[in-house]
Amino acid sequence: MKKHFLVAAAVLAVLLVAFGVALAYSTDSSPSGTAVAEPAADAKPVRASSHRLTDPERSELTVVEFLDFECEGCGAMYPVVERLREEYKDRVTFVARYFPMPGHRNSQTAALAVEAAAQQGKFEQMYAKLFDTQAQWGEAQESKAATFRGYAKELGLDMGKFDSAVKSPRTDERVRTDQRDGLGLGVQGTPTFVMDGATIPTPGSYDEFRDLIETRLAR
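About the criteria used
- All residue numbers refer to position in the chain's written sequence, counted from 1.
- In keeping with the predicted nature of the model, local features appear solely for residues at pLDDT of at least 70, side-chain atom pairs appear and are counted solely at 80 or more, and the whole-chain, interface and lining totals rest on all residues.
- Derived side-chain values reflect all non-hydrogen atoms in the structure, with water molecules and hydrogen atoms excluded from consideration.
- Buriedness of a pocket was judged along seven lines, with at least five required to meet protein on both sides within 12 Å; pockets are open sets of points on a 1 Å grid over the protein atoms alone, cavities are sets where a 1.4 Å probe fits but cannot get out, and lining residues have an atom within 4 Å of a point.
- Grid points are joined across faces, edges and corners, and a volume is the space filled by probe spheres set on the points.
- Labels follow the DSSP assignment, with helices taken as runs of H or I lasting at least four residues and strands as runs of E lasting at least two, numbered in each case from the N terminus.
- Basically, the charged four are Asp, Glu, Lys and Arg, the nonpolar ten are Ala, Val, Leu, Ile, Met, Phe, Trp, Tyr, Cys and Pro, and anything else, Gly included, counts as polar.
- Any cysteine sulfur atom paired with another within 2.5 Å is treated as part of a disulfide.
- Using a 1.4 Å probe on the protein chains alone, a residue whose accessible area is under 20% of its type maximum counts as buried, one over 50% counts as exposed, and one in between counts as partly exposed.
- Two aromatic rings, drawn from Phe, Tyr or Trp (for Trp, its six-membered ring), form a pair once their centres lie within 6.5 Å of each other, and the interplanar angle then sorts them: stacked below 30 degrees, edge-to-face above 60, tilted otherwise.
- Two strands pair if DSSP finds at least two bridges between them.
- What makes a salt bridge here is a side-chain nitrogen of Lys or Arg within 4 Å of a carboxyl oxygen of Asp or Glu, nothing more.
- Every helix has an expected span of 1.5 Å times one less than the residues it contains.
- For this analysis, a polar contact is any N or O atom pair within 3.5 Å, provided that within protein one partner can donate a hydrogen and the other can accept it, and provided that sequence-adjacent residues contribute only side-chain to side-chain pairs.

A.B. asks: Tell me about empty space enclosed by the protein, and please be specific about residues and values.
C.D. replies: Applying the stated criterion to the full structure yields one cavity of 30 Å³ or more. Within this model, the largest cavity holds a volume of roughly 30 Å³. Forming the walls of the largest cavity are Leu53, Val63, Glu65, Val81, Phe94, Val95 and Phe193. Broken down by secondary-structure element, the contributors of at least two residues to the lining of the largest cavity are β2 (61-67) and β3 (92-98). Residues belonging to the lining of the largest cavity are distributed by class as follows: six nonpolar, no polar and one charged.

A.B. asks: Pulling in residues and values, what's your account of the state of the cysteines?
C.D. replies: With the rule as written, the count across this model stands at zero disulfides. Free of any disulfide, Cys71 has its nearest cysteine sulfur in Cys74, 3.4 Å distant. Residue Cys74 is classed as buried on the basis of its relative accessible area, which comes to 1%.

A.B. asks: Pulling in residues and values, what's your account of the packing of aromatic side chains?
C.D. replies: One pass over the full model with this rule turns up 12 aromatic pairs. Ring centres 5.1 Å apart and planes at 25 degrees place the aromatic pair Tyr78 and Phe131 in the stacked group. One end of the pair, Tyr78, is in helix α2 (residues 72-87); the other, Phe131, is in helix α4 (residues 123-132), and 53 residues separate them in sequence. Overall, the relative accessible area of 7% leaves Phe131 in the buried class. Both rings, one in Tyr98 and one in Phe123, keep their centres 6.4 Å apart while their planes meet at 70 degrees; by these two values the pair is edge-to-face. Note that Tyr98 is positioned in strand β3 and Phe123 in helix α4, a separation of 25 residues in sequence. Given the relative accessible area of 9%, Phe123 is considered buried.

A.B. asks: An account of the pairing of strand β4 (residues 192-195) is needed here, citing residue identities and associated values.
C.D. replies: Every second residue of β4 is oriented toward a common face, with Thr192 and Val194 on one face and Phe193 and Met195 on the other, all of them buried. Judged from the four bridges that link them, β2 and β4 form a sheet pairing that is antiparallel. Residue pairing across strands places Glu65 opposite Phe193, the latter belonging to β4. Where β4 meets strand β5 (residues 198-200), three bridges bridge the pair, whose relative direction is antiparallel. The residue of β5 that forms the bridge with Phe193 is Ile200. Turn length for the β4-β5 hairpin, with the two strands adjacent in sequence and antiparallel, is two residues, and the turn residue Asp196 shows positive phi of about 50 degrees.

A.B. asks: Explain the pattern of salt bridges to me, using residue names and the numbers behind them.
C.D. replies: In the structure shown here, the tally under the stated rule is 16 salt bridges. In this structure, Arg91 engages Glu60 in a salt bridge whose closest nitrogen and oxygen atoms are separated by 2.9 Å. Of this pair, Arg91 sits in the loop between α2 and β3 while Glu60 sits in the loop between β1 (51-52) and β2, and the two are 31 residues apart along the sequence. Arg210 is the salt-bridge partner of Glu87, the closest N and O atoms lying 2.6 Å from each other. Pair noted here: Glu87 is in helix α2 and Arg210 is in helix α9 (residues 206-217), with a separation of 123 residues, a long-range link. Among the residues examined, Glu87 registers a relative accessible area of 35% and is labelled partly exposed. Residues joined in a network through salt bridges with shared partners are Asp42, Lys44, Arg47, Arg97, Arg174, Asp178 and Asp181.

A.B. asks: I'd like a description of helix α8 (residues 169-184), backed by residues and values.
C.D. replies: Given a rise of 1.5 Å per residue, 16 residues ought to cover 22 Å, and the 22 Å separating the end C-alpha atoms of α8 matches this to within 8%. For α8, the complete set of buried residues consists of Thr171, Arg174, Val175, Thr177, Asp178, Gln179, Asp181, Gly182 and Leu183. Sitting at the head of α8, Ser168 places a side-chain oxygen 3.1 Å from the backbone nitrogen of Arg170. Of the residues flanking the end of α8, it is Gly186, one or two places downstream, whose phi is positive at about 90 degrees.

A.B. asks: Account for unusual backbone geometry, with residues named and values stated.
C.D. replies: Between Thr190 and the following residue, Pro191, the backbone shows a cis peptide bond with an omega angle of -5 degrees. Despite not being glycine, Glu139 has its phi angle at roughly 70 degrees, a positive value. Counting through the fold element by element, Glu139 comes out in the loop between α5 (134-137) and α6 (145-154). Residue Glu139 is classed as partly exposed on the basis of its relative accessible area, which comes to 39%.

Listed below in structure tokens is the structure:
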């Protein structure tokens, strides 16, 4: 009972925080330093390069989350998504895509750190690390690049390669590719979920999200 209460409370926090952080992107520079991308003309919910958290042999459904590692709403949804992907790992493809928001000082820095880790095969480990520790660094006004570098070291990454990747235009472009697709699909805030190509309202509970998945799978 306590576990269900905590999940429900977390999802309620998602809805409240999402209301507060959802904002339209513009072509102006962001005061936080977050790169502001142009919408993709050929926007796709999933690309071959997208990061899959599950990859079933015979996927029956694809659930994509456009997320910001500093977003409290995304942090609240993280355990819900983890529970769902464990439950449906043999049937549903769960995909995580970057969508750093302009109002968060370290959202772009976090995305670059995760993508740099991904280039060494550690996307999921860094993804989990940032959400597990979000309360320790989220909403800080100073750069947390050194904190993220420390996490990379804990994960056993080659630090020379990690540092180079964080600074590489290729890494920045990979993050912007996700942003452009999100903008092209109408994403304005995080978390935003796309289920088999259609954007859905953020579910209000684990049970609601599960029911949506079950309904789609039953079709």
